[in-house]
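Chain by chain, the residues:
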Amino acid sequence: MSTIAYGAEKVKALQDALGGSLPAQARKQPRMHLDKFVAERFEALKAAREEAARLNAPIRDRLFGHILKDEG
Amino acid sequence: MKGSSEQRRKVCERRLKRKIRQPETRRIEPRVLTGSNIWLKAPPYDDEWSFNDANGTAAADKAAGNYNMAVQAIGDGFHEAAAGLGVWFFYTASDPMQRVAALLDYSDDWWDMADLYVAHNDLRTHIWVGGDTEQNWVAQADLQPSWSDGASWFDHHGNDPAGDSGWISIETYFPAEANRWYEAWIWSDASVYGDGGFGGFGASSIHFSTAVPLVVFGGLT
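Residues numbered from 1 in each chain as written. Chains lettered and ligands numbered in written order. Predicted model: local features only at pLDDT ≥ 70, side-chain atom pairs only at ≥ 80, totals over all residues.

### Quick look at the overall build of chain A
Moving on, step 1. Helices and strands together make up the secondary structure of chain A, namely two helices and one strand.
Moving on, step 2. In chain A, the succession of α and β elements from N to C terminus is β-α-α.
Moving on, step 3. Here the C-alpha coordinates of chain A stretch approximately 80 × 30 × 20 Å along the principal axes. (Helix = DSSP H or I, 4+ residues; strand = E, 2+ residues; numbered from the N terminus.)

Okay, structure coming up:
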């Protein structure tokens, strides 16, 4: 195994020599995909948690009712 | 946690200000090695990205090679923060099992607690690889550090007050085609949830910070 490029500038120069410059739009695409994924999952998880809370509420209210009666 | 509901809420708010160790990026020189065709990338990286709602902070620094996030819920629902670093790479040869690995120096502090209500606490760390020609993700690996926890009634979970820190190497594989650009994203997302109402609340908090001193494209064999 031998080193054919060493240092940030030389490694970048070698990569650019092989692949050419990446179009500016290409550089934006993965960030846009991450934004979309996280935003959609944020809404889905938020909705799921709120739905679970809605389903739990009647059970918790019944239990509160028992606790308050016991304390009284 | 003792005291009135209001006292416990103030304790939770104060805990958000707790500082965690900020990992320092070690200086490593990028290099290309023949033999196993290894490309070792080090900061400055190519991209940085972050996401957070009003209850969180997130930041990534591609020059320093680190990212961090903090997010907290105290009886006010679901909140999330995420951040990561992107590294481009050009492949000259097809490989159905191309390896990409990253070294992380991380530090975290998390907890969730519940007074009659419910709390959740989740963190995921990923290596995702996007293909420029494919215009899609070609790998989506969920790796460590990661956790998922829930608390209800009078539970209190977490790794506070000491927190956790350490070094970890993470990796995944993806199908690479010759003469195409790919970008590996090393990123983490933290989500917390705590509901509340009459007589109590759930609370949840995450601090996460990591440095990524190197990313390697290529196998070791």
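### Brief notes about the overall build of chain B
Moving on, step 1. Scanning chain B from N- to C-terminus turns up one helix and 14 strands.
Moving on, step 2. C-alpha atoms of chain B, sized along the principal axes, occupy 65 × 35 × 30 Å.
Moving on, step 3. For chain B, the proportion of its 221 residues judged to be buried stands at 50%.
Moving on, step 4. Intrachain contacts of chain B at a sequence separation of at least 6 include 75% that bridge at least 24 residues. (Buried ≥ 20, exposed ≤ 12 C-beta atoms within 10 Å, placed from the backbone. Contact = placed C-beta atoms within 7 Å.)

### Examining the interface of chain B and chain A
It is common to give the size of an interface as the accessible area lost on bringing the parts into contact.
Moving on, step 1. Facing the 35 residues of chain B at the interface are 31 residues of chain A.
Moving on, step 2. When residues of the side of chain B that touches chain A are traced back to their parent elements, those giving at least two are strand 1 (31–34), strand 3 (47–52), strand 6 (77–91), strand 8 (118–131) and strand 12 (180–194) of chain B.
Moving on, step 3. Its residues assigned to classes, the side of chain B that touches chain A shows 17 nonpolar, 10 polar and eight charged.
Moving on, step 4. Both strand 1 (residues 2–6) of chain A and strand 1 of chain B contribute to a ladder of four bridges, which runs antiparallel. The partner of Thr-3 of chain A across the bridge, within strand 1 of chain B, is Leu-33 of chain B. (Nonpolar A, V, L, I, M, F, W, Y, C, P; charged D, E, K, R; others polar. Pairing = 2+ DSSP bridges.)

### Things to note about the nonpolar core
Considering soluble globular proteins, one finds that nonpolar side chains tend to be buried as a cluster.
Moving on, step 1. Met-69, Phe-89, Ala-184, Ile-186 and Val-215 of chain B are the most contacted members of the largest nonpolar core, which has 70 residues in total.
Moving on, step 2. Aside from chain neighbours lying at most four places away, what touches Ala-184 of chain B is Val-87, Phe-89, Val-100, Ile-127, Val-129 and Val-215 of chain B. (Core = buried A, V, L, I, M, F, W, Y, C linked by C-beta atoms within 7 Å.)

### A few points about the confidence of the model for chain A
Moving on, step 1. Looking at chain A, pLDDT values average 86 and 94% of them are 70 or higher.
Moving on, step 2. The secondary structure element of chain A with the lowest average pLDDT is helix 2 (residues 24–71) of chain A, at 86, and the one with the highest is helix 1 (residues 8–19) of chain A, at 89. (pLDDT = per-residue confidence, 0-100.)

### A closer look at the sheet that holds strand 3 of chain B
Strand pairing in a sheet relies on backbone hydrogen bonds, with the paired strands running either antiparallel or parallel.
Residues and elements named next belong to chain B.
Moving on, step 1. Spatially, 3-6-12-8-9 is the arrangement adopted by the five strands of the open sheet, whose pairing is antiparallel. The open sheet is flanked by strand 3 and strand 9 (136–152), the only strands paired with a single partner. Strand after strand, the sheet turns through a mean of 10° between neighbouring axes, direction not considered.
Moving on, step 2. Sheet analysis places strand 8 next to strand 12, joined by 13 bridges and oriented antiparallel. Of the residues in strand 12, the one forming a bridge with His-120 is Tyr-193. (Axes fitted to C-alpha atoms, helices over the stretch in contact; angles between N-to-C directions.)

### Description of unusual backbone geometry
All names here are of chain B.
Moving on, step 1. Look at the link from Pro-43 to Pro-44: it is a cis peptide, with omega at 5°.
Moving on, step 2. Relative to the helices and strands, Pro-44 resides in the loop between strand 2 (38–41) and strand 3.
Moving on, step 3. Here the amide bond leading from Gln-144 into Pro-145 is cis, since omega sits at 0°, within 30 degrees of zero.
Moving on, step 4. With a phi angle near 55°, Gln-135 is a residue other than glycine that sits in the positive phi range.
Moving on, step 5. Mapped onto the secondary structure, Gln-135 falls in the loop between strand 8 and strand 9.
Moving on, step 6. Given 11 C-beta atoms within 10 Å, Gln-135 falls into the exposed group.
Moving on, step 7. One non-glycine residue, Trp-153, lies in the positive phi region at around 55°.

### Here's the deal with helix 1 of chain A
Moving on, step 1. Here helix 1 of chain A spans 16 Å end to end across 12 residues, near enough to the 16 Å set by a 1.5 Å rise per residue.
Moving on, step 2. Looking one or two places after helix 1 of chain A, you find Gly-20 of chain A, whose phi comes out positive at around 75°. (Expected span 1.5 Å × (residues − 1).)

### Quick notes on the pairing of strand 12 of chain B
All names here are of chain B.
Moving on, step 1. With 14 of its 15 residues buried, strand 12 lies for the most part within the structure.
Moving on, step 2. Two strands pair when backbone bridges link them, and strand 6 and strand 12 are joined in this way by 15 bridges, in the antiparallel orientation. Across the sheet, residue Trp-88 finds its bridge partner in strand 12, namely Glu-183.

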